[in-house]
Amino acid sequence: MDWLASTLASLAAQPVIGYAPAQSPATEPTALAALALIAAGKARQAAPALDFLASCQGSDGAVGIRHSEPSPGWPTGLAVLAWRAADDASSRNAYAAHRRRAVDWILEAKGTAMPRSPEMGHDTQLVAWSWADKTHSWIEPTALNVLALKRAGLGTHARVREAIRLLVDRLLPVGGCNYGNTVVLGQTLRPHVQPTGLAMLALAGEVGPACRAGPDQVSDRAARSRPAAGTYLERSLAYLQRSLIRPSTAMSGAWALLGLRAHGIELANGAELLAAAHRRVQAHDRSPHKLALLALAAQNNSLALLVSDRGRAG
Amino acid sequence: MTLPANQPGNLSRRTLLVGGGICAGALFGAGLVRRWFRERAGVFIARHQRYDGDLVRPIRDGLVATGLNVEEVRGKRVLLKPNLVEPTRSAPHMTTHPAVILAAAEVFRLWGAAVTVGEGPGHLRDTEMALVESGVADALDSGKLTFADLNYDELGFVKNGGRMCKLPGFHFPRAVLEADLIVSMPKMKTHHWMGVTAALKNMYGVIPGIKYGWPKNVLHHNGIPETVYDINASLPKTIAIVDGIDCMEGDGPIMGTKKSMGLLVVGTVPAAVDATVCRLMDLDPAQVPYLQLAANRLGPIDDSLISQCGESWRPLASPFQILDKPHLNRLRRHRGVLVS
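Residues numbered from 1 in each chain as written. Chains lettered and ligands numbered in written order. Predicted model: local features only at pLDDT ≥ 70, side-chain atom pairs only at ≥ 80, totals over all residues.

1. Digging into the overall build of chain A
- Within chain A, the regular secondary structure consists of 15 helices and two strands.
- Over its C-alpha atoms chain A spans a radius of gyration of 19 Å, differing by no more than 12% from the 20 Å that the globule rule assigns to 314 residues.
- For chain A, the spread of C-alpha atoms along the principal axes amounts to about 55 × 45 × 35 Å.
- Counting the 314 residues in chain A, one finds 55% classified as buried.
- Look at the contacts in chain A between residues 6 or more apart in sequence, and 67% of them connect residues 24 or more apart. (Helix = DSSP H or I, 4+ residues; strand = E, 2+ residues; numbered from the N terminus. Rg over C-alpha atoms; globule rule 2.2 N^0.38 Å. Buried ≥ 20, exposed ≤ 12 C-beta atoms within 10 Å, placed from the backbone. Contact = placed C-beta atoms within 7 Å.)

2. Overview of the overall build of chain B
- Scanning chain B from N- to C-terminus turns up 14 helices and 12 strands.
- Taken over 340 residues, chain B has a buried fraction of 62%.

3. Let's talk about the environment of Val78 of chain B
- As for its position among the elements, Val78 of chain B is in strand 2 (residues 77-82).
- Residues Val78 of chain B and Val183 of chain B, 105 residues apart in the sequence, show an inter-C-alpha distance of 7.3 Å.

4. Structural notes on the nonpolar core
- Residues Leu35, Ala36 and Ala82 of chain A together with Ala104 of chain B are the most contacted members of the largest nonpolar core, which totals 208 residues.
- Top contributing element to this core by residue count: helix 2 (residues 27-39) of chain A, with nine residues.
- Each residue touching Leu35 of chain A, except ones within four places of it in the same chain, is listed here: Leu81, Ala82, Ala85, Leu296, Ser302 and Leu305 of chain A. (Core = buried A, V, L, I, M, F, W, Y, C linked by C-beta atoms within 7 Å.)

5. A few points about helix 6 (residues 127-134) of chain B
- Burial runs high along helix 6 of chain B: seven of the eight residues are buried.
- Three or more residues of helix 6 of chain B are buried, namely Thr127, Glu128, Met129, Ala130, Leu131, Glu133 and Ser134 of chain B.
- Those residues of helix 6 of chain B that are buried are in contact with helix 12 (250-261) of chain A together with helix 7 (136-142) and strand 4 (146-149) of chain B.
- Looking one or two residues past helix 6 of chain B, Gly135 of chain B carries a phi angle of roughly 85°, positive in sign.

6. Examining the interface of chain A and chain B
- Listed per partner, the contact involves 26 residues of chain A and 25 residues of chain B.
- The element contributing the most residues to the side of chain A that touches chain B is helix 12 of chain A, with three residues.
- In the side of chain A that touches chain B, the residues fall into 11 nonpolar, 11 polar and four charged. (Nonpolar A, V, L, I, M, F, W, Y, C, P; charged D, E, K, R; others polar.)

7. Thoughts on helix 5 (residues 98-110) of chain B
Residues and elements named next belong to chain B.
- Counted at 1.5 Å a residue, the expected span for helix 5 with its 13 residues is 18 Å, and the 18 Å between its end C-alpha atoms agrees.
- Among all positions in helix 5, only Pro98, Val100, Ile101, Leu102, Ala103, Ala104, Ala105, Val107 and Phe108 are buried.
- Of the residues trailing helix 5, Gly112 is marked for its positive phi of about 90°. (Expected span 1.5 Å × (residues − 1).)

8. A closer look at unusual backbone geometry
- Of note, the bond from Ser71 of chain A into Pro72 of chain A is cis; its omega dihedral lies within 30 degrees of zero at 0°.
- Along the polypeptide, Pro72 of chain A turns up in the loop between helix 3 (43-55) and helix 4 (76-90).
- In the segment running from Gly252 of chain B into Pro253 of chain B, the intervening peptide bond is cis, with an omega of 10°.
- Looking at the secondary structure, you find Pro253 of chain B in the loop between strand 10 (238-249) and strand 11 (257-267).
- In this model, Lys134 of chain A sits at a positive phi of 60°, which is unusual for a non-glycine residue.
- Here Lys134 of chain A lies in the loop between helix 5 (96-108) and helix 6 (139-151).
- Positive phi, close to 55°, is recorded for His48 of chain B, a residue that is not glycine.
- Tracing the chain through its elements places His48 of chain B in the loop between strand 1 (41-46) and helix 3 (56-65).
- Taking the number of C-beta atoms within 10 Å as the measure of exposure, His48 of chain B has 10 and is therefore exposed.

9. Overview of the confidence of the model for chain A
Residue and element names in this part refer to chain A.
- Taken over all residues, the pLDDT of chain A has a mean of 92, while the share at 70 or more is 90%.
- The low-confidence segment residues 216-230 (pLDDT under 50) makes 19 contacts with residues lying over four places distant or belonging to another chain.
- A low-confidence stretch, residues 310-314 (pLDDT under 50), is modelled with 13 contacts involving residues beyond four sequence positions or located in other chains. (pLDDT = per-residue confidence, 0-100.)

Have a look at this one:
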């Protein structure tokens, strides 16, 4: 894969990156760049990225979105994953203090519960993580923090277990999920690829009853009458595979392939999907964020940096 | 990075851009323009429109007719803001059609403006996916248009110019702050919480997801009507071009069904445009919560204060279905038939 080699070389030369080429650095793309480099055995070149993440950590332990934007702290989980990967790769604990403070912040941060409502299909009382302070819990920040806490050895923590229940609760009857709503005013919503990929990553190793049951509060008649065959998890994995039959975009394709891989599913067209997404990025916005994510998804050993090999026990 | 807010009632940079035209043709002098802006507004409706037809002419005529000063646009940066909240190929009536975006871009380019398309989809983190699914990605390529991803742009803080909600201000993307003129380009749709979504509600899409989340939940927790009003009161200058050709009724803004109207609705005062859109949908604009706040602050919504250019709305009005929910029934009370 020539594109992977050139992308890794570019990231090695400049691992502190933004969402767009001319933008100031941001924590999410920089964390992804660090992970991609570490997966490629280039931990030394990832050091500036890891230090940048450390420099963006506030006194409360949260890692904001940019130096100039210390809140919200939703990228904190990604920073934990990058620091953990670096410490594992170096057999030193250079970022242990940063990780500890970040994990403490994640455990303190909570999405806002809301009263149960017949208008909303999901369990609004479950608490996980939000994008911004004092708002509801949603799929992607929850998935990122579940991954981080599992990698921190906290897979059995009560916050993680409730978050897993929330992720399962937000899966749609047809499989997959969107940003985190299921049924609104009686209408079942549509799934989307990227949040489904991330949710599947976070649900890797989760084989308990919660994943086999699926949401029970689906209120629309069509969803209730749907055949019970298959599980919500399996339907979600099938949704991802169906979605990737045709070309995808960088972010959705990368997270989807990682999510499938976390469940032992490798697509025959996976490499071509990523290569095509890379060509599209290069022809359009040349986003360093997307390139880093593609480089992460293209490497088989990336998964070990995201998902604890000890399953739910962490 | 802070630009002066467009304080309601003040003569703003936007107002300076809206000096001439047919509806405003009798107005002379800044004082008279100011009074006209505060008290009256023009809205242009074009019917029998098709996505494969000439959309450039009605957009151009509509903007001129409702008071856009073409000379003031020359050399300016214009940001076209379509609605791509959660695109899917299976529901093209959810999002602003690429043909309308291309036509608007051509109009402003012909007038000498530098045009950028910008959007921050509310439900999708993957903006590239939103562009592909909506067909806008191909349009950007064919029109050689630049795109600003408003969800991930660098940010500047602007004080809350409306103060209806508790937020002290808004973090706006650089592309928004640096634009001389923002063109809200919504789809004409029903909205399952607000009743209607058009030019004012479409401005939720300038709010960066990176700061406010997906969905932009900070806004919801601070009140949808209040934040719709405050965002629009804080933006420097905004006009509206509404895609009312294939619209959405029922469970909008995402899950509704297609309703074809064949209309373009254009105006330099978005509140007045939205009020007219409501009337075209046979829904009462005075019952739309954010239009109640906007009335006579951001612009008139009373029909007697809106000068209709092009077609009159009355013969074109066609009832849009809305959900049978208590919070929406007041919008159609004038129809005289309530389901529950």
